[in-house]
Amino acid sequence: MGKLYGGVDGGGSGSRFSILDSEGRVVAKSDGECTNQWLVGIDKVLDSVEDMWRRAFQSINQTPTQLEGLGLSLSGVEAAHVKQEILEKMATKYPHVAKRVVPVNDSCGAVFTAFKKGGVVLIAGTGSNCQLVSQSSNGEISLVGCGGWGHLLGDEGGAYSIAHRMVKTVFDDMDCLLPSQHCIKEAQALMWRYFGIGNQMDILRYYYTDFDKSQIASLTKHMAEIAREKGDPLIKSCFAWAGSQYAKQLVGVTQRYRKEQGVDYFGSDEGYIDAVCMGRVFDSWDLIQSGFVEEIKKSSKTLSKVRLFKLTGSGALGAARISNPDIPLDHTSLTELMCEVVEGSVVVGAKNGY
């Protein structure tokens, strides 16, 4: 089979492992358990990596052999001391897995699956994050971030923030503190049904005594249903607001790149700022797009050409490429174009969006 390279796309709920040859063909793959070192520790993460490596070869009835390179795209490996610990433990406990191991942030796998030269990843699940990932000619990975500080310090555009924005708007209107620009009737009824409450006081235990961020974030799914079925203006405005936050994050991360690197970020060869969108919130892109486009228009001098993509291939492929940047991937077959904005005008977008 020649030289083989592996990649791990790690996650809190599960992980994916792919083995590629030098031509970018997928030779074998497997799935595994949680590889978030914040949740299970580095030792269990590496145990899972070795297990996935072994089972990937078993899936094609081959004896496991040492890989030329292995890219580990995992949560919580930004710090240099964490990367060093991973390298040392792989070298001592699992040297048979790969000759060269490259641990990187969990955003990197998705970015290098989607784009040849790096790009931006926009993440919107329960929380949100935006990172610009680039790779130098010698293969060194660099990351610049904007947001992703949790629900108390940020996470604007994540599912929790969208739901919270609706709840806060309803509360402020009921208190006559800040009247809503839109009727709160549908939003209030949804809140009452979802939480099983009948007044404002009843919701407090969900925000304080029994606080569960994911439970509040899950309200967003029901909001999307109401927005589509009934066209409720207040709920739709919450999704449009989220879109504006993604645009601001794109502007912010490119400006931070300029500040930290001392040069402008030029994006793709065609001059686009390309971003891959990850997370269930982007399933509601038809509700989000209008706010994104309006905010991008305000920044058209900074971001004149923007493309957003949905990943259709595994982030494990990009992780493998990190161990060998020369591995060719057909990026167009691994992504789907969601939105393209040029000089403030939508070239490609959601049918029910802007």
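Figured I'd write up the structure that's included with this text. This one's a predicted model, so the numbers in the text were calculated from it and none came from an experiment.

Moving on to the nonpolar core. Among the nonpolar cores identified, the biggest contains 61 residues, and M223, L250, F292 and L308 are the most heavily contacted of them. Among the elements that take part in this core, helix 10 (residues 233–261) stands out by supplying 12 residues, more than any other. Filtering out sequence-adjacent residues up to four positions away, M223 remains in contact with I162, A163, M166, L190, I235, C238 and F239. The next biggest cluster of nonpolar side chains, apart from the first, holds 25 residues, and it includes L46, V49, L74 and A98.

It is worth spelling out the packing of aromatic side chains at this point. All told, the structure shown has 9 aromatic pairs when counted by the stated rule. Seen from their ring centres, Y160 and F211 are 6.2 Å apart, and the 85 degrees between their planes marks the pair as edge-to-face. Here the residue Y160 occupies a position in helix 5 (residues 159–174), and F211 occupies one in the loop between helix 7 (204–207) and helix 8 (213–217), the gap between them amounting to 51 residues. A relative accessible area of 9% places Y160 in the buried class. An aromatic cluster is built from Y246, F282, W285 and F292, whose rings are joined through pairwise contacts. Across from the ring centre of Y272, 3.9 Å away, lies the NZ or CZ of R307, which sits over that ring.

Within the secondary structure, D330 sits in the loop between helix 12 (315–323) and strand 11 (335–342). Residues D330 and A114 lie 216 residues apart in sequence; the distance between their C-alpha atoms is 8.9 Å. A polar side-chain atom of D330 sits 2.7 Å from a polar atom in the side chain of T332.

Scanning the model with the defined rule gives 19 salt bridges in all. Notably, a salt bridge pairs K230 with E186, separated by 3.5 Å at the nearest N-O pair. With K230 in helix 9 (residues 219–230) and E186 in helix 6 (residues 185–195), this pair connects stretches of sequence that are 44 residues apart. R280 is the salt-bridge partner of D283, the closest N and O atoms lying 2.9 Å from each other. Residues participating in the shared-partner salt-bridge network are D43, E85 and K89.

Below, the discussion takes up the sheet that holds strand 6 (residues 119–124). As summarised here, the arrangement of the 7 strands in space is 8-7-6-9-10-11-12, forming an open sheet in which the pairing is mixed. Because the sheet does not close on itself, it has two edges, and the strands there are strand 8 (141–146) and strand 12 (345–348). Recorded for the sheet is a direction-independent mean angle of 25 degrees between the axes of neighbouring strands. Two elements, strand 9 (residues 273–278) and strand 10 (residues 305–311), share 5 bridges in a ladder whose sense is parallel. Residue pairing for strand 10: V276 is matched across the bridge by F309.

The next subject is helix 5. Look at helix 5: 23 Å from first C-alpha to last across 16 residues, which is about the 22 Å you get at 1.5 Å a residue. What helix 5 keeps buried is the set A159, Y160, S161, I162, A163, M166, V167, T169, V170, F171 and D172. Of the surrounding secondary structure, the elements contacted by the buried residues of helix 5 are helix 6, helix 7, helix 8, helix 9 and helix 10.

Bringing the state of the cysteines into the picture now. A complete count under the given rule lists 0 disulfides for this structure. C34 carries a free sulfur, and the closest cysteine sulfur to it, the one in C108, is 18 Å from it.

Here we take up the sheet that holds strand 3 (residues 26–32). Pairing is mixed in the open sheet, where 5 strands are placed in the order 3-2-1-4-5. Every interior strand has two partners, whereas the edge strands, strand 3 and strand 5 (101–105), have only one. Averaged over all adjacent pairs, the angle separating strand axes in this sheet is 15 degrees, with direction ignored. By the bridge criterion, 5 bridges tie strand 1 (residues 4–9) to strand 4 (residues 69–74) in an arrangement that is parallel. Counterpart to G6 in the pairing with strand 4 is L70. Against the sheet, helix 3 (residues 80–93) touches strand 4 and strand 5, its axis set at about 150 degrees to strand 5. Sheet strands in contact with helix 4 (residues 106–114) are strand 4 and strand 5, and its direction is about 100 degrees off that of strand 5.

Here is what the cut-offs are and how they apply
- Residues numbered from 1 in each chain as written.
- Predicted model: local features only at pLDDT ≥ 70, side-chain atom pairs only at ≥ 80, totals over all residues.
- Heavy atoms only, no water.
- Core = buried A, V, L, I, M, F, W, Y, C linked by side-chain atoms within 4.5 Å.
- Buried < 20%, exposed > 50% of the residue type's maximum accessible area, 1.4 Å probe, protein only.
- Helix = DSSP H or I, 4+ residues; strand = E, 2+ residues; numbered from the N terminus.
- Contact = heavy atoms within 4.5 Å.
- Phe/Tyr/Trp six-rings, centres within 6.5 Å; stacked < 30°, edge-to-face > 60°.
- Lys NZ or Arg CZ within 6 Å of the ring centre and 35° of its normal.
- Polar contact = N/O pair within 3.5 Å; in protein donor to acceptor, adjacent residues only side chain to side chain.
- Salt bridge = Lys/Arg side-chain N within 4 Å of Asp/Glu carboxyl O.
- Pairing = 2+ DSSP bridges.
- Axes fitted to C-alpha atoms, helices over the stretch in contact; angles between N-to-C directions.
- Expected span 1.5 Å × (residues − 1).
- Disulfide = S-S within 2.5 Å.

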